[in-house]
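# Examination of the molecular architecture
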Amino acid sequence: MTFGTSRTQPSGGWLGFQMSETVTLLLTGDVMLGRGVDQILRHPSDPALAETYVRDARRYVELAERRNGPIPRPVDESWLWGDAVDVLTELAPDARLINLETAITRDGEFAPGKAVHYRMSPDNVASLAGLAPDVCALANNHVLDFGVAGLLETLDVLADARIHGVGAGRDEQAARAPAVVPCGAGGRLLVVGCGTPSSGIPPNWAATDARPGVHLLTELTARRADELAASVAASKRPGDVAVVSIHWGSNWGYAVEPGFRRFAHRLVDGGVDLVHGHSSHHPRPIEIYRGRLILYGCGDFLDDYEGIGGHDDYRAELTLMYFATLAVDTGRLVELRMVPLRISRIRLRHVEAGDLQWVRTTLEEISRPSGTRVDVLRDGMLLARPA
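These notes cover the structure that comes with them. If you're wondering where the values come from, they're calculated on a predicted model, not measured in any experiment.

What counts, and at which threshold
- Residues numbered from 1 in each chain as written.
- Predicted model: local features only at pLDDT ≥ 70, side-chain atom pairs only at ≥ 80, totals over all residues.
- Heavy atoms only, no water.
- Helix = DSSP H or I, 4+ residues; strand = E, 2+ residues; numbered from the N terminus.
- Contact = heavy atoms within 4.5 Å.
- Core = buried A, V, L, I, M, F, W, Y, C linked by side-chain atoms within 4.5 Å.
- Buried < 20%, exposed > 50% of the residue type's maximum accessible area, 1.4 Å probe, protein only.
- Pairing = 2+ DSSP bridges.
- Axes fitted to C-alpha atoms, helices over the stretch in contact; angles between N-to-C directions.

Attention now moves to the environment of T28. Tracing the backbone shows T28 in strand β1 (residues 22-31). Along the sequence, T28 and L267 sit 239 residues apart, while their C-alpha atoms lie 20 Å from each other. Each residue touching T28, except ones within four places of it in the same chain, is listed here: L97, I98, N99, H276, C298 and F301.

Counting residues in each nonpolar core, the largest one holds 50 residues, and the members touching the most others are L33, L80, W81, V214, M321 and F323. Not counting chain neighbours up to four residues away, the residues in contact with V214 comprise L138, A139, N140, V143, L144, G167, A168, A175, I201, W205, A206 and A207. In this structure, L274, C298, V328 and L382 belong to the second largest nonpolar core, which totals 38 residues.

Another point: the sheet that holds strand β14 (residues 292-295). Strand order across the open sheet formed by six strands is β8-β9-β11-β12-β14-β13, with mixed pairing between neighbours. Either end of the sheet is taken by a strand with one partner, and the two such strands are β8 (179-182) and β13 (286-289). Neighbour-to-neighbour, the strand axes of this sheet turn through a mean angle of 20°, independent of strand direction. In the sheet, β8 pairs with strand β9 (residues 188-195) via four bridges, with the strands oriented antiparallel. Considered in β9, the bridge of A179 is made with V191. Against the sheet, helix α6 (residues 222-235) makes contact with β9 and β11 (241-247), and its axis sits at roughly 155° relative to β9, the strand it touches most.

A word on unusual backbone geometry. Of note, the bond from R73 into P74 is cis; its omega dihedral lies within 30 degrees of zero at -5°. Look at R162: it is not a glycine, yet its phi comes out positive at around 60°. In this fold, R162 is placed in the loop between α4 (147-160) and β6 (164-166). Positioned with a positive phi, H311 is a non-glycine residue whose angle comes to about 60°. Among the secondary structure elements, H311 is positioned in the loop between β15 (300-302) and β16 (318-327). Note on H311: relative accessible area 45%, which makes it partly exposed.

Here's what the structure looks like:
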């Protein structure tokens, strides 16, 4: 499958305005590199787990092999990303943003009161090179799975790898600070990360003036949206594209809570150009509001779940790469193209025709109430557009 033709832009955007200079962002949902994923890499952590039913992380590799076939061990750094690497080479996004749902730490102290803990060895951080994220959102319910020590090591490892971490920090000010990435011809990408208790983030993980932690939004009120938008506006200058990356909502279900929709709309009204939502294990609806893109849930992008049963109707093994092209002078969405992939043997592979149609149909059905249609293009990509 080739995607080279997809980089040709129309002279006028399909949203009905004259196109100006644009910037294209790659956005993904949850990237979980711990547990079984970590175990197949060159430098696996101690496989011991504190889970009720699975006590050894290698068990998740065995379950994946039982489902889809043998997995070599150790794998090189390019294995995990599989066909996504060629997609990225052809589409060449200007900046890349993921939700990293894994602590990167050698610490062995499991956070108390949690049923599941995700950890990748710092010696495996090179595995991120194939995806090459510019920014990792960290305000999620796994970044402190190994306590404050694990969080601080995660921040240091990412900094050493020249990857911005947002939404978590050594204090509240650092957790709220935007990542700033040069993007386009003189412009910048600004990303603010945050999360909500609805995604499973424990309240005591919130950063304070005296405690490392995450940027936690305890309530999604209009006032909080205005404060968040104002903090973005304070750093924004002409030519910048501003994104709020937010970890919210349950693992399963297509519905968007009315409070989430009101909050996202309020952010856009306040000057945010794109809302990057994540937490659900599968994609949630896509909305184009006032010409700006709202992704209510991007789904999982990579994990070790393929051998685990339950919730099969959601087809969580089918993942998406979102390529959002925005006009830099206005922040309006020019085009949203998506590449469906499938997790198989803890690796991202192209989907078959039937799976492509399943993804299109599902996205179309759940996004139509938000005013969005989804089409299949000749090159096998999906295009979201206003209904």
